[in-house]
Structure formats: C-alpha cells, structure tokens
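# Structural features, examined
Read off the chains here:
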Amino acid sequence: MTIPDTGNTPQKDNAPNSPAKPNKGGLEGIVAATTAISKVDGTAGRLVYRGYDIHDLAQTCSFEEVAHLLWFGHLPNQKELSDLHQKFVAQRSLPEVILQTIRELPSTTEPMDVLRTAVSALGAVSISGKPTIDQAIAVTARFPLILAAFNRLRNGEKILESRAELGHAANYLYLLTGEVPKEEHVKGLNSYLVLLADHGMNASTFTARIVASTESDIVSSLVAALGALKGPLHGGAPSKVQDMLRSIGTVENADPWIRDAITHGGRLMGFGHRVYKTADPRAEELREMAQVADPEDFKLAHHVEKTAIALLDELKPGRRLYTNVEFYSAALMKSIGLSGDLFTPTFAVSRCAGWTAHILEQVNNNRLIRPEAEYTGPLNETFVPLADRA
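We now turn to the structure provided with this report. (Residues numbered from 1 in each chain as written. Predicted model: local features only at pLDDT ≥ 70, side-chain atom pairs only at ≥ 80, totals over all residues. Heavy atoms only, no water.)

## Notes on the overall build of the protein
Secondary structure assignment for the protein yields 16 helices and three strands. Relative to the compact-globule value of 21 Å for 390 residues, the protein shows a C-alpha radius of gyration of 22 Å, a close match. Oriented by its inertia axes, the alpha-carbon framework of the protein measures out at about 70 × 55 × 50 Å. At a minimum sequence separation of 6, the contacts of the protein that also span at least 24 residues come to 76%. Of the accessible surface of the protein, which amounts to about 19100 Å², a share of 51% is contributed by carbon and sulfur atoms. Here the protein contributes 39 positively and 45 negatively charged side chains, and the mean placements of these two sets differ by 2 Å. (Helix = DSSP H or I, 4+ residues; strand = E, 2+ residues; numbered from the N terminus. Rg over C-alpha atoms; globule rule 2.2 N^0.38 Å. Contact = heavy atoms within 4.5 Å. Areas by Shrake-Rupley, 256 points an atom, 1.4 Å probe, with all protein chains shown as cover. Lys, Arg positive; Asp, Glu negative; His and termini not counted. Charge placed at Lys NZ, Arg CZ, Asp CG, Glu CD.)

## Observations concerning helix H3 (residues 78-90)
The end-to-end C-alpha distance of H3, which contains 13 residues, comes to 18 Å, matching closely the 18 Å that a straight helix rising 1.5 Å per residue would cover. For H3, every residue scored as buried is listed here: Glu80, Leu81, Leu84, His85 and Phe88. An end-on view of H3 places all buried positions within 140° of arc, on one side of the element. Summarising the geometry of H3, the exposed residues directed more than 90 degrees from the buried face are Gln78, Lys79 and Ala90. On the buried face of H3, the contacting elements are helix H2 (63-72), helix H6 (133-154) and helix H7 (168-177). Capping of H3 at its N-terminal end is provided by Asn77; its side-chain oxygen lies 3.1 Å from the backbone amide nitrogen of Lys79. (Expected span 1.5 Å × (residues − 1). Buried < 20%, exposed > 50% of the residue type's maximum accessible area, 1.4 Å probe, protein only. Arc of directions from axis to C-beta. Polar contact = N/O pair within 3.5 Å; in protein donor to acceptor, adjacent residues only side chain to side chain.)

Laid out in structure tokens, this is it:
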C-alpha cells in the first residue's frame, strides 16, 4: 500500500507582505494549504472524503474502510481491508509504561487530558522519526485502548485485552464495558466515527499540519491537535449539549428556556458552525441514528432543535443557525452508554484518522507554515533607562 500522490508542485507562500485591509482574524477565507483528503462545502451543506459524499460513506462503510480511504486515497477491496484489520489488531496493546502512566493519574482527571498525556508518553517510548503510514495505524488503533483503560480503572474495574475478531468500533465498546456490544450500538458508534473522521482545515487539523510542517514527529503533531480539539469552540461541546438538554428538561420548557437564553445572550450549545451556512450534513445523519437509538430522548432533542431554529429566525433574523454535528452526537453517544466526559475524546478516536492523513500529506509535500501577522502596536517608542522611569 502506498501513500497517494499529493502533487509534486511545492506549496506556494501566498501570504501578502502586509494585509490589504483589517479583518476579523482567525484566518477566515485564507487558503493555508492544498489537500486532496476532504472538502467542506459550507454553502451547499456537503462534506466529501476523497470524492465520496459523506452520506454514502456513513450509511455503508466501516471506520476501517474510511481510514483506508483517507490514508491511501481509495476505498479498500476485501484483501486490503483484511490486511488493514490485521494491522489494527497487531497494534491493540499498550506498553506497560503507558499503562503505568494511566494508573498514576488521579481518577478525577478529564479523559481528554489522559488521552493527551498517554499519547505523548507513547511517542516518548515507541514512536519517533519521520511520520509513516504504519505509525498512523499504530496511534489510531491505540486511542480507544487508552480511554477504555482509564475509564475502567477510575471505575475500579480491570483493564481488558482487545478481541481480534471485533472491528474498531465494537472493540472500543467491548473494552469500555466488558461485554460484546449490541449490534445497534456498534452500528451507531461506527457511523459516528465515519462522520467525524475528517473535516477539512479545521482548527485541530491545521494545528497538526503546522507542527508537521516543522518536520516534527507524528505524536507531537497529534498532541497539539488534541489540545486544539479540547477547546469548547471546537470539539469540547458535545457534553455541554447534554447539559443543556438536561437543563431544559421537558418539551414544554423548551420555548421559554431557549427564548430566555437568546434574549439574554446565552449560548445554545450545538447550534451554528463557522463554515456551514445551511444544515450540517453530519448532523442530518446523526439525527436519524439518534432517533433509532433512543426514541424517548430524541423527542426532547428534536423539539429543542425545531424550537431553537424557529426562535433564532424570529429573534435573530438573517443569522441562519442550524444544528451542528455536536448536537445529535451527544444524544447518540449517551444512547450507547458513553459518559459525557468521553464524548470529546471519542471524537478524537475518530479524528485521529483524519489528523494522521493530513500529517502524512503535509510531510509528503512540505513547506513550513509561517503566516504573517498584522502588527497593531506602536513603532517609535523612546527608550528610557530603568533609573529614569517614573
């Protein structure tokens, strides 16, 4: 298996010598790299992985198939998929030093912090040098192991060994619970992992590519990406959606609760997206899955969605805010038994495939990412020695 060609033309440094006009910041509208991995069409509400529409992939493909697509540029045939599964299985263990690191962390540690710490330690003991496909497979296979190990330890349970016959999603659920998971839970989690595997040049992916562009190692890039994902403006919000729904409580309370939040400047968790100007295609898929997974909880979530969109249109005309991927992610992950603090790290379990694909693409056609900044401070201050300063 080979890494797909990402083009032989070196990336151009298109940064201007000085900004033409003031902007909002955040690099909005700035092209920072070229990629053949995924395309986010915010106007049409479309997400594409290497040419394939996300709706087709979410409904038909395993996470392993999509990881193969992101890494190698094409969907696998049966032999390629079997080979990849065997490579995943071969990496489903953690060095004792990593397990000891996890054991020594307080049981109150946030799972995202555990994941970041353990991944960093993994890089220190077993992964180094220029990023490779084999390294990408190794770290992607181990993300679920780290989370499941910590989750069982903090609950006073024994760490389990992976089962070779289980796929990526099923094995994760087994390691968490100790039971062979229900088929509907496996299907729901697998679809979630497919939907979240990549999403263009988002904050964490950009962070990973920046680190990779310095010719650092794959683990350093991933640790940086995890730090970016942790933030509530990126991947840290799904559990807050659950908190919001719990606070609303009933269908009857939705209108007054949401109206009050909008009127007094409160945040509606799970609504709005920096790129999508219409419905998030991932949210559409997750909505259907959440309805099947837990019809009772879905009633409240769906009513909150409809009520919020109507009230936003009434009170904030022209804003065009819709549910994003985090809104129904919360409902789906709750239905399969994940605690709220595992929502964002499970996002990372999925996105590791996309992060590593982007790291490999960056390395294959590298140019140090070094944007300009618009300086707004003074230029001609007169220096005064310390003894003469008032």
